[in-house]
Amino acid sequence: MFYLVLNYICSLFYVIMKNKIVIITGASSGIGQACAIEFANRGAKIVIAARNLDKLNAVAAKIKKIGVEVLVVKCDVSIQSECENMVKETISKFGRIDTLINNAGISMRAVFNDMDVEVLEKVMNINFYGTIYCTKYALPHILKNKGSVVGVSSIAGYVGLPARTGYSASKFAMQGFLEALRTENLKNNLHVMVACPGFTASNIRNTALSSDGSVQGESPRDEQKMMTSEEVANHIVKGVEKRKRTLVLTTQGKLVVFLSKWFPGFVEKQVFNHMAKEVDSPIK
């Protein structure tokens, strides 16, 4: 009886994830993989999507050990038809969608004046249009359940980062889209959350694009001093459960976002100096 009462009280304040259907893009590694495991630990049924099928299957094996159902879908979010297919496969297997985690993303590091425009286009296609495509096809199903659409953004979506023009542009665009989507659906009880982890230990910097579109290969930052993907995933899942609007993580991230509203010139100088200290930084 005690546990029944406790579960009822909890349900008044946050969403119980057990048996919810959660789609996570970019789930083959990093934050996406960690989110898949975290949602599975809460009893959700998981759909994991990414381009690398072998890595996805490895993640699926971990989820199956937890004892929940998992669907693996090979999907390049920059291709609209593949996003549509991902949603169709989800509905075919589970019959509903409760939460979409738009996590798939790519970064870049190059001064805009030296960068091929195609690099910026690729970043926008994955980070921004990937969110658009996945949300477009999943939204009708999510609305039926008054569910959640989440965008894994970045502090770069609040403050433009030098040598990350394409990345910042994609995150600003993502956040603008999600905020407008939230307002459009105020009467539909749609939950929309923008999650900004700050610098997180993951492979996004290793796979970041250089000025000519080649992969950077090695992270220019000390990954050991960053928040782990597992910590970020825990915050994201709790944010979905509590139906938060925004999630800005790390003390540094919160400070930058706050100060940028009141002292933008000061923040610009501090951000420039901070990014210039990176190994082989393209800005001086």
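Please refer to the structure placed before this passage.
Residues numbered from 1 in each chain as written. Predicted model: local features only at pLDDT ≥ 70, side-chain atom pairs only at ≥ 80, totals over all residues. Heavy atoms only, no water.

1. What to know about the packing of aromatic side chains
Inspection of the entire model under this criterion finds two aromatic pairs. Between Tyr129 and Tyr133 the ring centres are 6.0 Å apart and the planes differ by 35 degrees, which places this aromatic pair in the tilted class. In this pair, Tyr129 and Tyr133 are both assigned in helix 6 (residues 129–144), four residues apart and thus about one turn of the helix distant. The exposure class assigned to Tyr133 is buried, which follows from its relative accessible area of 19%. Ring pairs connect the aromatic residues Phe128, Tyr129 and Tyr133, which therefore count as one cluster. (Phe/Tyr/Trp six-rings, centres within 6.5 Å; stacked < 30°, edge-to-face > 60°. Helix = DSSP H or I, 4+ residues; strand = E, 2+ residues; numbered from the N terminus. Buried < 20%, exposed > 50% of the residue type's maximum accessible area, 1.4 Å probe, protein only.)

2. Some words on the pattern of salt bridges
Pairing between side chains of opposite charge can happen when their charged atoms approach one another. Evaluation of the coordinates by the stated rule reveals eight salt bridges. One salt bridge in this structure joins Arg96 and Asp98, with 2.5 Å as the shortest N-O distance. Since its relative accessible area comes to 4%, Asp98 is described here as buried. Of the charged contacts in the structure, one is a salt bridge between Arg109 and Glu278, with a shortest N-O distance of 3.1 Å. Taken together, the residues Arg109 in the loop between strand 4 (99–102) and helix 5 (117–127) and Glu278 in the segment after helix 10 (264–276) connect sequence positions 169 residues apart. One network of salt bridges, with partners in common, ties together Glu38, Arg42 and Glu241. (Salt bridge = Lys/Arg side-chain N within 4 Å of Asp/Glu carboxyl O.)

3. Observations regarding the sheet that holds strand 5 (residues 148–152)
The seven strands are arranged 3-2-1-4-5-6-9 in an open sheet whose pairing can be described as parallel. The open sheet has two free edges, formed respectively by strand 3 (70–74) and strand 9 (246–248), since each of these has just one partner strand. Averaged over all adjacent pairs, the angle separating strand axes in this sheet is 15 degrees, with direction ignored. Relative to strand 2 (residues 45–50), strand 1 (residues 21–25) is paired through five bridges, and the arrangement is parallel. (Pairing = 2+ DSSP bridges. Axes fitted to C-alpha atoms, helices over the stretch in contact; angles between N-to-C directions.)

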